[in-house]
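# Chains, contacts and geometry: an overview
Listed here are the chains, written in short residue letters.
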Amino acid sequence: MKTIRAEHLGMCFGVRDAIALALKEAESEPITILGDLVHNETILAELRRRGIQIQDDPRKVGTGTVMITAHGASLRRIHATRELGLNVLSAACPLVDVAHRAVKQLVRDGFHPVIIGKRDHVEVRGLTEDFDEFDVVSNEDDVRRLKPRPRFGIAAQTTQPIEKVRHLTGLIRETFPDSEVRFMDTVCQPTKERQTAAVELARRCDIVIVIGGAQSNNTLQLVEACSRFCPRVHHVQTAADLRAEWFRADDRVGITAGTSTPDQVVDAVERALNCHHSGSPSNPG
């Protein structure tokens with residue numbers, strides 16, 4: 001059995017910076033993060049171990065300072081939090097901030113905003129909450145349910161597959177040929193790199209292990225992308241989720257990971273796979 005890592009995988013700079021900021025701030029004062037800083041249980045457990053509180057509702061916060069997650073937040077939500085007397089820090093990824101600016105520009109230019117992404121995802125809520133009118137689409141049926149508008153302004157959740165985004169944008173153009181459609185590409189470069197590398201990996205492997213949080217959208221997108229090109233794809237959060245019965249002796253095993261997956265978790269999964277191959281007692285499962 002041979003293990004092969006994707007060319008691009010694992011934690012992106014936005015997640016690394018968010019974690020570093022939270023840990024730095026926690027050294028000087030108690031802080032509460034408003035929601036999951038990133039969608040990875042290993043990281044969240046470590047933050048809690050360091051004394052950082054996690055709370056979805058700002059009205060229930062017990063510290064004077066709160067932090068916006070890497071997924072960003074709307075200005076409405078930030079202002080409402082400040083009105084509670086809380087000091088608000090932001091760990092939003094700079095590329096999410098780029099997406100916010102893009103959507104605001106579309107609205108300023110008179111376009112009805114359409115976000116391609118996962119409805120009710122924290123990032124998508126942040127991108128849309130400042131607007132009274134908007135649409136979120138994630139598939140062809142959602143596009144067909146759109147009402148006609150003179151002008152559609154399209155942006156995307158930063159972790160969406162760019163091929164899907166382009167497909168749905170094209171479908172909006174076809175469905176509303178009389179409308180002006182402006183598309184702003186807000187899918188982040190780390191997502192594009194990991195998606196492309198995952199597909200290349202899946203094409204040449206017998207089985208692919210995708211490592212990431214159960215609620216991580218970009219990890220789930222990697223699972224979906226790999227599944228189109230490899231019949232055996234398994235999503236694990238840690239090495240403890242591996243099962244010996246998934247593997248055969250002559251397998252080429254691909255390894256990829258979402259953008260919030262810590263390096264040590266990826267390394268632990270690879271070690272467990274190699275131990276399984278060598279017959280060590282540390283077999284997966």
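Structural notes, computed from the coordinates. Numbering of residues starts from 1 in every chain and runs along the sequence as written. pLDDT decides what is reported in this predicted model: residues at 70 or higher carry local features, side-chain atom pairs at 80 or more are listed and counted, and totals for whole chains, interfaces and linings draw on all residues regardless. The side-chain values count all of the structure's non-hydrogen atoms but skip hydrogen atoms and water molecules.

## Regarding the pattern of salt bridges
- For this analysis, a salt bridge means a side-chain nitrogen from Lys or Arg found within 4 Å of a carboxyl oxygen belonging to Asp or Glu. Considering all chains together, one arrives at 19 salt bridges under this definition.
- Residue Glu270 pairs with Arg5 through a salt bridge whose shortest N-O separation is 2.8 Å. Of this pair, Glu270 sits in helix H10 (residues 263–278) while Arg5 sits in strand S1 (residues 2–5), and the two are 265 residues apart along the sequence.
- For Arg5, a relative accessible area of 34% translates into the label partly exposed.
- Salt-bridge contacts for Arg182 lead to Asp109; the nearest nitrogen and oxygen are separated by 2.7 Å. With a gap of 73 residues between them, Arg182 in strand S9 (residues 180–183) and Asp109 in the loop between helix H4 (94–108) and strand S6 (112–116) connect regions that are remote in the sequence.
- A network of salt bridges, in which partner residues are shared, links Arg5, Asp267 and Glu270. Here a strand is any run of E in DSSP of at least two residues, a helix any run of H or I of at least four, and the numbering for each starts at the N terminus. Each residue is assigned to one of three classes by its accessible area relative to the maximum for its type, calculated with a 1.4 Å probe on protein chains only: buried under 20%, partly exposed between the two thresholds, exposed over 50%.

## Comments concerning the sheet that holds strand S10 (residues 207–211)
- Taken in spatial order, the four strands make up an open sheet running S1-S12-S10-S11, and their pairing is parallel. Strands at the two margins of the open sheet, each flanked by one partner only, are S1 and strand S11 (233–236). Strand-to-strand, the axes of this sheet are offset by a mean angle of 25°, without reference to chain direction.
- Two strands are counted as paired when DSSP detects at least two bridges linking them. Note that S10 and S11 share four bridges and pair parallel. The residue bridging Val210 from the neighbouring strand is His235, located in S11.
- Across the sheet, helix H8 (residues 189–203) is in contact with S1, S10 and strand S12 (252–257); its angle to S12 comes to roughly 170°. As a rule, the C-alpha atoms of each element are fitted with a line to give its axis, helices using only the stretch in contact, and angles between N-to-C directions run from 0 to 180 degrees. Residue contacts are counted whenever heavy atoms from the two residues lie within 4.5 Å of one another.

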